[in-house]
Amino acid sequence: MSQKVQEFNEYRAKMNEKILASDNKVIKRIFNLDTNAYSEGHLPVKTKELLGLVASAVLRCDDCIAYHLETAYKHGVSKEEMMETMSIATLVGGTIVIPHLRRAVEFWEALESQN
């Protein structure tokens, strides 16, 4: 696993564990809602992850972008599909999304380097 991807996953897991250990009902429900929203339904997981990627890019959340990139990658999204999705995000979000597009491409390359 690429060091960039590994560091992201380790940090995310460590902090999620600490957050969930607080035993806050609202936070637990939000985490559960997020998990359930991206599970298979009328839309396939792959589509939902790409929708999440657009929303995350428009909202300029690099952690969310990385999460959706990795999950999309695991569900068979191609680089071309990812780039088309990010082009829509950049169109919707404007040029302020471009720095996040750069980091998204960098993270995607880290995902690809794992193989």
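The model shown is predicted, which means the values in this text are computed figures rather than measured ones.

On to the overall build of the chain. Within the chain, the regular secondary structure consists of 6 helices and 0 strands. For the chain, the C-alpha radius of gyration of 15 Å lies close to 13 Å, the compact-globule estimate for 115 residues. For the chain, the spread of C-alpha atoms along the principal axes amounts to about 40 × 35 × 25 Å. The 115 residues of the chain split such that 30% are buried. Taking all contacts inside the chain whose residues are at least 6 apart in sequence as the whole, residues at least 24 apart take part in 62%. With the model as given, the accessible surface of the chain reaches about 7400 Å², and the carbon-plus-sulfur share is 57%. Between the averaged position of the 14 positive side-chain charges in the chain and that of its 16 negative side-chain charges there is a distance of 7 Å.

On the surface, a nonpolar cluster with roughly 190 Å² of combined accessible area is contributed by I19, L20 and I27. As for its position among the elements, I27 is in helix 2 (residues 25-37).

For the rest of this paragraph, the subject is the environment of L69. Here L69 shows up in helix 4 (residues 62-74). With 39 residues separating them along the chain, L69 and W108 place their C-alpha atoms 6.8 Å apart. The contacts of L69, once residues within four sequence positions are left out, are L53, M82, A104, F107, W108 and L111.

This paragraph deals with the packing of aromatic side chains. Summed over all chains, the structure comprises 2 aromatic pairs. Taking 5.7 Å as the distance between ring centres and 75° as the angle between the ring planes, the aromatic pair formed by F8 and F107 counts as edge-to-face. With a gap of 99 residues between them, F8 in helix 1 (residues 3-21) and F107 in helix 6 (residues 98-112) connect regions that are remote in the sequence. Accessibility classification places F8 together with F107 in one group, the buried group.

Rules behind the numbers
Residues numbered from 1 in each chain as written. Predicted model: local features only at pLDDT ≥ 70, side-chain atom pairs only at ≥ 80, totals over all residues. Heavy atoms only, no water. Helix = DSSP H or I, 4+ residues; strand = E, 2+ residues; numbered from the N terminus. Rg over C-alpha atoms; globule rule 2.2 N^0.38 Å. Buried < 20%, exposed > 50% of the residue type's maximum accessible area, 1.4 Å probe, protein only. Contact = heavy atoms within 4.5 Å. Areas by Shrake-Rupley, 256 points an atom, 1.4 Å probe, with all protein chains shown as cover. Lys, Arg positive; Asp, Glu negative; His and termini not counted. Charge placed at Lys NZ, Arg CZ, Asp CG, Glu CD. Patch = residues over 30% accessible without salt bridge, like charges linked within 9 Å, V, L, I, M, F, W, Y side chains within 5 Å. Salt bridge = Lys/Arg side-chain N within 4 Å of Asp/Glu carboxyl O. Phe/Tyr/Trp six-rings, centres within 6.5 Å; stacked < 30°, edge-to-face > 60°.

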